[in-house]
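Observations on the three-dimensional arrangement
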Amino acid sequence: AADVQVDVVRYLDAAMPTYTHGKHAQITTFGAVLVSWAGALERDGQRLREAYDHINVSTAGCAAGTGTSFPLNRRRTAELLGYDVVSRNARDQYSPDPFFQQLAALALLNTFLQEWANDLMFWGSDEVGMIDRYEEMYGGARVEGLMGTEACVRWEQPPPDPNGGAPRPPICRD
């Protein structure tokens, strides 16, 4: 988060468009985007820590939810097994809630990471071109054309005709 905060200051005023369904929407700044990413990662990290705290409970000695009469040092057993906490209620520890909480936290983290990756791919696409050297960083592929010749994969939209004429066709940047 500290690294992102430094970059937020660097890009605080760097204007960029936002997109809705691939179409230009409102203008924002890259700093605002970085802050939103940092907030999402912070929330996901907190959810994962909370889920871990609920799962990091030793059930040794809970038997089938009624406890046991065996002389078991539950705290020592939990320590040997790597748990930080011993369950306080034998019956409640068999609830699936902590496991569902962990799965939900992981699913939300996955959703954020997918949105993040989609943003980066969209910004690096030929249509948008907001990320320089995208192909070098992420292994963009070249398309093979007919007879082994390479087809153009980097298109650039020329500026509009100043005289208001028909739109110009895209230009190959390769």
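Residues numbered from 1 in each chain as written. Predicted model: local features only at pLDDT ≥ 70, side-chain atom pairs only at ≥ 80, totals over all residues. Heavy atoms only, no water.

Right, let's get into helix H4 (residues 97-124). End to end, H4 covers 40 Å across 28 residues, agreeing with the expected 40 Å (1.5 Å per residue, within 8%). Along H4, the positions that sit buried rather than exposed are Pro98, Ala105, Leu109, Phe112, Trp123 and Gly124. (Helix = DSSP H or I, 4+ residues; strand = E, 2+ residues; numbered from the N terminus. Expected span 1.5 Å × (residues − 1). Buried < 20%, exposed > 50% of the residue type's maximum accessible area, 1.4 Å probe, protein only.)

Let's shift gears to the side chain of serine 58. Secondary-structure assignment places serine 58 in strand S3 (residues 57-58). There is a polar contact of 3.2 Å between the side chain of serine 58 and the backbone nitrogen of alanine 60. Residue contacts for serine 58: discarding those within four places in its chain leaves Arg74, Ala78, Tyr83, Val85, Val86 and Ser87. (Polar contact = N/O pair within 3.5 Å; in protein donor to acceptor, adjacent residues only side chain to side chain. Contact = heavy atoms within 4.5 Å.)

Taken together, the side chains of Leu41, Leu113 and Trp116 make up a nonpolar region of the molecular surface, amounting to roughly 230 Å² of accessible area. On the secondary structure map, leucine 113 appears in helix H4. (Patch = residues over 30% accessible without salt bridge, like charges linked within 9 Å, V, L, I, M, F, W, Y side chains within 5 Å. Areas by Shrake-Rupley, 256 points an atom, 1.4 Å probe, with all protein chains shown as cover. Salt bridge = Lys/Arg side-chain N within 4 Å of Asp/Glu carboxyl O.)

Residue pairs three or four apart in sequence face the same way in an α-helix, which turns once every 3.6 residues. For helix H3 (residues 74-81), the N-terminal cap is asparagine 73; the gap from its side-chain oxygen to the backbone nitrogen of arginine 75 is 3.3 Å. Just downstream of H3 lies glycine 82, where phi reads positive at about 90 degrees.

Core analysis: the largest hydrophobic core is formed by eight residues, namely Met16, Val33, Leu34, Trp37, Ala40, Phe112, Trp123 and Ile131. Take this core: its biggest share by element is four residues, from helix H2 (residues 30-55). Tryptophan 123 has contacts with Met16, Tyr19, Phe30, Val33, Trp37, Val128, Gly129, Met130 and Ile131, leaving out every residue within four places of it along the chain. (Core = buried A, V, L, I, M, F, W, Y, C linked by side-chain atoms within 4.5 Å.)

Another point: the pattern of salt bridges. Proximity of charged atoms lets side chains of opposite charge pair with each other. Overall, the coordinates contain two salt bridges when judged by the stated rule. Its salt-bridge partner being aspartate 44, residue arginine 47 comes within 2.6 Å of it at the nearest N-O pair. Here the residue arginine 47 and the residue aspartate 44 both occupy positions in helix H2, the gap between them amounting to three residues, near one helical turn. Taking relative accessible area as the criterion, arginine 47 reaches 30% and is therefore assigned partly exposed. With a relative accessible area of 2%, aspartate 44 lands in the buried category. Note that glutamate 79 is salt-bridged to arginine 76, the shortest N-O span being 2.6 Å. Placement of both glutamate 79 and arginine 76 in helix H3 is noted, with a separation of three residues, approximately one turn of the helix. Under the relative-accessibility criterion, glutamate 79 is labelled exposed at 53%.

The next subject is the confidence of the model for the protein chain. Considering every residue of the protein chain, the mean pLDDT works out to 77; 75% of them sit at 70 or more. Here residues 140-151 is a poorly scored stretch, pLDDT under 50, and it has 15 contacts once near neighbours within four places are set aside; other chains count. (pLDDT = per-residue confidence, 0-100.)

In contact at an axis separation of 8 Å, H2 and H4 are set at 160 degrees when each is read in the N-to-C sense. It follows from the interaxial angle that H2 and H4 lie roughly antiparallel. For the pair H2 and H4, the crossing hand works out as left-handed. In the contact of H2 with H4, the residues fall into 18 nonpolar, three polar and four charged. (Axes fitted to C-alpha atoms, helices over the stretch in contact; angles between N-to-C directions. Parallel < 35°, antiparallel > 145°, perpendicular 65-115°, else oblique. Left-handed = near helix turned anticlockwise from the far one by under 90°. Nonpolar A, V, L, I, M, F, W, Y, C, P; charged D, E, K, R; others polar.)

Glancing now at the pairing of strand S2 (residues 23-29). Of all seven residues in S2, zero are buried; the element is thus mostly exposed. Between strand S1 (residues 15-20) and S2, which pair antiparallel and follow one another directly, the connecting turn spans two residues, one of which, histidine 21, has a positive phi of 55 degrees. (Pairing = 2+ DSSP bridges.)

Now for the pairing of S1. Relative to S2, S1 runs antiparallel, the two sharing five bridges. By the bridge assignment, tyrosine 19 is partnered in S2 with histidine 24.

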